[in-house]
Amino acid sequence: MLVLLGFAMIAVFMVLIMTKKLTPVLALIIVPTIFGLFAGAGLGIGPMVMDSMKSMTSTAALLMFAIIYFGLMIDVGLFDPLVKFILRKLGNDPAKVVLGTAILAAAVSLDGDGSTTFILTTAAMLPVYLRLKMSPVVLTCVAGLANGTMNILPWGGPTARAATALKLDVNDVFVPMIPSLIVGLVVVLAFSWLLGLQERNRLRAVAPEIWGVPETAEEFDGGAAAGSAAGGSGNGGPGSTPAAGKPGTGGAGVAVLERTELLVDEHDTAMADTALDPNRATLRPKLFWFNLGLTVAVMATLVANIIPLPFVFMVGAAIALLVNFPKVKDQGAQLIAHAPSIVAVVSMVMAAAVLTGVLNGTGMVKAMSEWLVQIIPADMGPLMAVITGVLSIPMTFFMSNDAFYFGVLPVLSETAAHYGVGAADMARASITGQPFHLQSPLVPAILLLVSLAKVDLGDHHKKVLWRTAVISLVMLGVGVLTGAIGVG
């Protein structure tokens, strides 16, 4: 009964958010509550949720003050030079912009923290997407793909959990999986390029008067840069005018920046209102080096992990507000300016406590994992590592990494041992589901990503889930081919 209720609850939740019948916050609250009552939780459902919520408070605080800090840094102009550099190097070819997003997200993911990756990637790239009229869903998809794939790094968490649960050395688990990681990243870049090409074609179709109809990527770059603020159209479109800068010259970068001004929509997001606007009142050019130094110090403290992350961002946000906006009125205005993003992400984190509380408190997670172990046929025992890799895709999506690696994996590994499948093979296979896991609504970082980009979680899932499933299966397949994941 608990197994049926558990899977039904997850299915109903996913359908409701992907069909946009309910917002994720409402679905996270209403669906688990109803199913929890059906599971016999009764009045005990309250304590279940509150116990789960206690574990979420530090995460909510981290995300809240991280949004304030990086939102403030965007407002004061810290990231303006980076965005201008990206525009000059990538031009305004969507294919190059999306590929650049993937590379940036993968590089930042080296710190092992998803929230930091998504904050920095969104801060740098969202203004570019909005000004070029590209879909922010593509940004969240690509960032999610890159970060999920990189999440198997030893300091990312899952690999360390798998090694700890099975009493293995973390290097013994990770090092043989490096080929899988490399191939996974290649697939991420391939998906990113294809998504960029789709965006390029979509923009040509919806706004030919702006983008023109070039035949090649080179012509796309040149035509896109050719529009001027006065003419308002690109090369090949009606009424086009020559640009001051020519493609391939130093003036091309300026032309690109001028042209992006034509594509801004003041009502897209609060972030778009400030991005690259040289006249915004919040700019603090004289404090650029101070803000850069403060941000480097904050990031270094995060990587060193010597102080709890929420407190790091609390102090960082307080210092940044005090120095950049010494007047109390301006400080209050800054907090209010970022309130919509804060409410969106913190409410989802708190609402997710209802889902996790009901799953754990009613015993659904335990029942679901035990059922999955029992239904594996005995003659498939030698393939337990491969089966574990496949199971890790949905199971780590529907439950926390702690629940999977410390609750389910040891049971699967014990079963596999009877068929000659080693614990190290099981641990390596279990981490291949991480690209899919990172898209779960139970992962606070993904809630932060969609909130910052103002993207609906259901829209994100439609674009990202099948791609992450492909990446997970490819990584599993490469692990088998290289011998990192053996069979009995």
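Further up the page is the structure itself.
**Q** Is there a simple way to explain unusual backbone geometry in this structure?
**A** A negative phi angle is the norm for most residues apart from glycine, just as the trans form is the norm for most peptide bonds. Even without being glycine, K133 reaches a positive phi, approximately 65°. The topology assignment puts K133 in the loop between α6 (114-131) and α7 (136-150). At K454, a residue that is not glycine, the phi angle is positive and equals roughly 55°. Here K454 is to be found in the loop between α24 (444-452) and α25 (457-482). The class for K454 is partly exposed, based on a relative accessible area of 42%.

**Q** Quick question: what am I supposed to make of helix α16 (residues 309-324) here?
**A** The periodicity of an α-helix, 3.6 residues per turn, causes residues three or four places apart in sequence to face the same way. Here α16 contains 16 residues, and its C-alpha end-to-end distance of 22 Å stays within 8% of the 22 Å for a straight helix at 1.5 Å per residue. Turning to α16, its buried residues are P310, V312, F313, G316, A317, A320, L321 and N324. Viewed end-on, α16 has its buried residues packed into an arc of 155°, placing them on one side of the element.

**Q** Any chance you could explain the packing of helix α20 (residues 384-398) against α25 here in plain terms?
**A** When two helices pack together, their arrangement is given by the angle between the helix axes and by the axis-to-axis distance. Where α20 contacts α25, the axes come no closer than 10 Å and their chain directions differ by 155°. Here α20 is positioned roughly antiparallel relative to α25, judged by the angle of their axes. Read as a crossing pair, α20 and α25 show a hand that is right-handed. Residue-level inspection shows V386, G389, V390, I393 and F397 of α20 in contact with α25, the latter providing H461, L465, A469, S472, L473, L476 and V480. Of the residues that constitute the contact of α20 with α25, the class distribution is nine nonpolar, three polar and no charged.

**Q** Please clarify how the environment of P410 should be interpreted in this entry.
**A** Summarising the element assignment, P410 is placed in helix α21 (residues 401-417). The sequence separation of P410 and A427 amounts to 17 residues, and the corresponding C-alpha distance is 9.4 Å. Ignoring anything within four residues of it in the chain, the contact list for P410 reads A165, L166 and Y405.

**Q** Could you clarify how one ought to interpret the packing of aromatic side chains in this entry?
**A** What describes a pair of aromatic rings is the distance from one ring centre to the other and the angle between the planes of the rings. In the structure shown here, the tally under the stated rule is four aromatic pairs. Centre to centre, the rings of F288 and W289 are 5.2 Å apart; their planes meet at 85°, and the pair counts as edge-to-face. A relative accessible area of 67% places W289 in the exposed class.

**Q** Whenever I open this one, a nonpolar patch on the surface confuses me. Can you help?
**A** On the surface, a cluster of nonpolar side chains totalling about 750 Å² of accessible area is made up of F290, I306, I307, F311, M314, V315, I319, L322 and V323. The greatest single-element share of the nonpolar patch, amounting to six residues, is contributed by α16. In this fold, I307 is placed in the loop between α15 (288-304) and α16.

**Q** Hey, could you run me through the pattern of salt bridges in this one?
**A** Side chains carrying opposite charge are able to pair once their charged atoms draw close together. Throughout the structure, instances matching the rule amount to three salt bridges. Across the pair R200 and D93 runs a salt bridge whose closest N-O atoms are separated by 2.7 Å. Of this pair, R200 sits in helix α10 (residues 178-206) while D93 is found in the loop between α4 (80-90) and α5 (94-108), placing the two residues 107 residues apart along the sequence. Take R200: its relative accessible area is 8%, and that puts it in the buried class. The class for D93 is buried, based on a relative accessible area of 0%. The residue D425 makes a salt bridge to R428 at a minimum N-O spacing of 3.8 Å. One end of the pair, D425, and the other, R428, are both in helix α22 (residues 423-430), three residues apart, so they sit about a helical turn from each other. On the accessibility criterion, R428 (12% relative accessible area) is buried.

**Q** Where do I start with the nonpolar core in this structure?
**A** One broad rule of soluble globular proteins: the nonpolar side chains tend to lie buried together. Of all hydrophobic cores here, the largest spans 139 residues; its most connected members are Y69 and M426. Residue contributions to this core peak at 17 residues, all from helix α3 (residues 45-76). Apart from residues lying up to four places away in sequence, M426 is in contact with L166, M384, A385, T388, L409, L412, S413, A416 and V421.

**Q** Would you take a moment to explain the packing of α5 against α6 for this structure?
**A** The N-to-C vectors of α5 and α6 enclose an angle of 160°; their axes lie 9 Å apart at closest approach. Overall, the two elements α5 and α6 adopt an arrangement that is roughly antiparallel. The handedness of the crossing between α5 and α6 is right-handed. Taken together, the residues of α6 that come into contact with α5 (itself represented by V97, V98, T101, L104, A105 and V108) are T116, T117, L120, T121, A124, M125, V128 and Y129.

**Q** Before we go on, may I ask you to explain the environment of G100 in this structure?
**A** Mapped onto the fold, G100 is located in helix α5. Judged by relative accessible area, G100 falls into the buried class, the value being 18%. The sequence separation of G100 and L90 amounts to 10 residues, and the corresponding C-alpha distance is 7.6 Å.

**Q** I keep staring at the environment of I471 and nothing clicks. Help me out?
**A** Note on placement: I471 falls in helix α25. In this structure I471 comes out as buried when scored by relative accessible area, which is 0%. As a C-alpha pair, I471 and G184 span 287 residues in sequence and 5.8 Å in three-dimensional space. Those residues in contact with I471, other than ones at most four positions away along the chain, are L145, T149, G184, V187, V188, F191 and P435.

Criteria and cut-off values
- Residues numbered from 1 in each chain as written.
- Predicted model: local features only at pLDDT ≥ 70, side-chain atom pairs only at ≥ 80, totals over all residues.
- Heavy atoms only, no water.
- Helix = DSSP H or I, 4+ residues; strand = E, 2+ residues; numbered from the N terminus.
- Buried < 20%, exposed > 50% of the residue type's maximum accessible area, 1.4 Å probe, protein only.
- Expected span 1.5 Å × (residues − 1).
- Arc of directions from axis to C-beta.
- Axes fitted to C-alpha atoms, helices over the stretch in contact; angles between N-to-C directions.
- Parallel < 35°, antiparallel > 145°, perpendicular 65-115°, else oblique.
- Left-handed = near helix turned anticlockwise from the far one by under 90°.
- Contact = heavy atoms within 4.5 Å.
- Nonpolar A, V, L, I, M, F, W, Y, C, P; charged D, E, K, R; others polar.
- Phe/Tyr/Trp six-rings, centres within 6.5 Å; stacked < 30°, edge-to-face > 60°.
- Patch = residues over 30% accessible without salt bridge, like charges linked within 9 Å, V, L, I, M, F, W, Y side chains within 5 Å.
- Areas by Shrake-Rupley, 256 points an atom, 1.4 Å probe, with all protein chains shown as cover.
- Salt bridge = Lys/Arg side-chain N within 4 Å of Asp/Glu carboxyl O.
- Core = buried A, V, L, I, M, F, W, Y, C linked by side-chain atoms within 4.5 Å.

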